[in-house]
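# Descriptive analysis of the structure
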Amino acid sequence: MSADAGNGRRPATLLAMGRGVAERLIGDAVRDRLARIADTDPGLVADDFGDPLVARALARAEVLLTGWGCPPITADVLARAPRLRAVVHAAGSVKQHITEACWRRGIIVSSAAAANAEPVAEYTLAAILFANKRVLDIARLYRERRAVLDWDRQFPGFGNYRRTVGIVGASAVGRRVIELLRPFDLQVLVSDPYLTEDLGVPRVELDELLGRCDVVSLHAPSLPETRHLLDAARLGRMRDGATLINTARGALVDQEALTAELVSGRLFAVIDVTEPEVLPADSPLYDLPQVLLTPHVAGSLGGELARMSGLALEELSRYARGLPFAHPVTAETLSRIA
């Protein structure tokens, strides 16, 4: 008997996410496994809990299998879902749909944030190694000049050997980046006011980290207290020629102050998230040669979605077998994570 078969119990489960998201997350293999684990209609996707077609399934649902685009699970929604006991999120942050009413009701919550952390960490690793090697800058100059230049003179001290990398935020992504950096001859520093355990790298205060690092990579959550964590003063502490990488949230950085530093040419940047999410068409960040700007692609996309749906089904299987979630989210932890 497979682990999915468990004790034979298949909890009533309703898919709650954007319809386009469901099409990408719930492929044939996922649909077949989901049918073994849960009593569900994979063709019914709740992107609006007020939809009359959803009402019957919501009333009998014990579990919501959620994804991007899930509507907020409010007190009103819970009143129409008397049997609901758990939410399994097949993506990262649950802040958009888990409300205070869920915690008051005692709903247990799981998230596939650990699976989503992997591609973000991989993107960050590539960005760090390319930044120190000045790969994008050299490629641009080579394309423009059609000639080999004196790269040592152009970029004094470039390369990854014994450079210093700062990780801001010991989140799931931040910790995974630290692990991925271990094989390299780099000094890694971490800064996180909530960190109490030893991650095997020196922990320093943020201002010290900014002043010491060749690359600074942001992995902190977006909270009221972290808004513009890197303001003009802190960006000014970064070393001339240093690179800032942001794959976390745009609100962590004062966009205007960062733009000024980048326009001046003093700093380099790899930016996957901005505030606003899509920059105005006239933003100089689109054209600055020392900026790599990507449209929020570091997280799970394409084939990487299967990793998240797989983790979510593992959690759903654990619930069906009466086991605790391996990746729980609580009201206490939610206040400190993305």
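Residues numbered from 1 in each chain as written. Predicted model: local features only at pLDDT ≥ 70, side-chain atom pairs only at ≥ 80, totals over all residues. Heavy atoms only, no water.

### A closer look at the overall build of the protein
Summing up its helical and strand segments, the protein has 14 helices and eleven strands in all. Taking the principal axes of its C-alpha atoms as reference, the protein extends roughly 70 × 45 × 40 Å. Counting over 338 residues, the protein shows a buried share of 51%. Considering only contacts within the protein whose residues lie at least 6 apart along the sequence, 65% involve residues at least 24 apart. Taken together, the 39 basic and 42 acidic charged side chains of the protein have centroids lying 4 Å from each other. (Helix = DSSP H or I, 4+ residues; strand = E, 2+ residues; numbered from the N terminus. Buried < 20%, exposed > 50% of the residue type's maximum accessible area, 1.4 Å probe, protein only. Contact = heavy atoms within 4.5 Å. Lys, Arg positive; Asp, Glu negative; His and termini not counted. Charge placed at Lys NZ, Arg CZ, Asp CG, Glu CD.)

### Things to note about the sheet that holds strand 11 (residues 328-329)
Strand pairing in a sheet relies on backbone hydrogen bonds, with the paired strands running either antiparallel or parallel. Taken together, five strands build an open sheet; the order of strands is 1-2-3-4-11 and the sheet is mixed. Strands with a single pairing partner mark the edges of an open sheet, and in this sheet they are strand 1 (13-16) and strand 11. Examined bridge by bridge, strand 3 (residues 86-89) and strand 4 (residues 108-111) share four bridges and lie parallel to one another. Residue pairing for strand 4: Val87 is matched across the bridge by Val109. (Pairing = 2+ DSSP bridges.)

### As for the sheet that holds strand 5 (residues 164-168)
Taken together, six strands build an open sheet; the order of strands is 6-5-7-8-9-10 and the sheet is parallel. One side of each edge strand has no neighbouring strand; the edge strands of this open sheet are strand 6 (187-191) and strand 10 (291-293). With strand direction ignored, the average angle separating the axes of adjacent strands in the sheet is 15 degrees. Looking at chain direction, strand 8 (residues 243-246) and strand 9 (residues 268-271) are connected through four bridges and run parallel. The residue of strand 9 that forms the bridge with Leu244 is Ala269. (Axes fitted to C-alpha atoms, helices over the stretch in contact; angles between N-to-C directions.)

### Some thoughts on helix 3 (residues 52-60)
Of the positions making up helix 3, those classed as buried are Val54, Ala57 and Leu58. The buried residues of helix 3 occupy one face: seen down the axis, they fall within an arc of 105 degrees. Looking at helix 3, the residues exposed on the side facing more than 90 degrees away from the buried face are Pro52 and Arg56. Lining the buried residues of helix 3 we find strand 1, strand 2 (63-66) and helix 4 (75-79). Between the side-chain oxygen at the start of helix 3 and the backbone nitrogen of Leu53 there is a gap of 2.9 Å, and the oxygen is on Asp51. (Arc of directions from axis to C-beta. Polar contact = N/O pair within 3.5 Å; in protein donor to acceptor, adjacent residues only side chain to side chain.)

### Digging into the side chain of Ser110
Mapped onto the elements of the fold, Ser110 is located in strand 4. Setting aside residues no more than four positions away along its own chain, Ser110 makes contact with Val87, Val88, His89, Glu315, Phe325, His327, Pro328 and Val329.

### Comments concerning the UniProt feature "domain: D-isomer specific 2-hydroxyacid dehydrogenase catalytic" (unreviewed entry) in the protein
In this structure's numbering, the residues bearing the UniProt feature "domain: D-isomer specific 2-hydroxyacid dehydrogenase catalytic" (unreviewed entry) are residues 55-329. Helix makes up 37% of residues 55-329 and strand 14%, with an end-to-end C-alpha separation of 26 Å. (UniProt positions renumbered as here; feature names shortened; annotations may be inferred.)

### Notes on helix 7 (residues 135-145)
Of the positions making up helix 7, those classed as buried are Asp137, Ile138 and Leu141. Each buried residue of helix 7 sits inside an arc of 95 degrees when the element is viewed along its axis, so together they form one side. Contact partners of the buried residues in helix 7: helix 6 (113-133), helix 8 (151-154) and strand 9. A positive phi of about 55 degrees marks Arg146, the residue just after helix 7.

### Some remarks on the nonpolar core
Counting 29 residues, the largest nonpolar core has Val216, Leu230, Leu244 and Leu262 as the members making the most contacts within it. When contributions to this core are tallied by element, the ones reaching two or more residues are helix 10 (206-212), strand 7 (215-218), helix 12 (255-264) and strand 9. Ignoring any residue separated from it by four or fewer positions in sequence, one finds Leu244 in contact with Val216, Leu218, Leu230, Leu235, Met238, Val253, Leu258, Phe268, Ala269 and Val270. If you look at the next biggest cluster of nonpolar residues, it comprises 28 residues, including Val21, Ala22, Val63 and Leu311. (Core = buried A, V, L, I, M, F, W, Y, C linked by side-chain atoms within 4.5 Å.)

### Looking at the packing of aromatic side chains
Across all of its chains, the model carries two aromatic pairs by this definition. Pairing Phe155 with Phe158 gives two aromatic rings, centres 6.4 Å apart and planes at 55 degrees, and the pair type is tilted. Over the aromatic face of Phe268 sits the side chain of Arg134, whose NZ or CZ is 3.8 Å from the ring centroid. (Phe/Tyr/Trp six-rings, centres within 6.5 Å; stacked < 30°, edge-to-face > 60°. Lys NZ or Arg CZ within 6 Å of the ring centre and 35° of its normal.)

### Digging into the pairing of strand 6
Counted residue by residue, strand 6 has four buried out of five residues, so it is predominantly covered. The pairing of strand 5 with strand 6 spans five bridges and is classified as parallel. When the bridges of strand 6 are listed, Ile167 appears paired with Val190.

### Thoughts on the side chain of Thr40
With respect to the element layout, Thr40 can be found in the loop between helix 2 (28-37) and helix 3. A distance of 2.7 Å separates a polar atom in the side chain of Thr40 from the backbone oxygen of Thr13.

### Some remarks on the environment of Gly106
Relative to the assigned elements, Gly106 resides in the loop between helix 5 (100-105) and strand 4. Note: C-alpha distance between Gly106 and Tyr161 (55 residues apart in sequence) is 51 Å.

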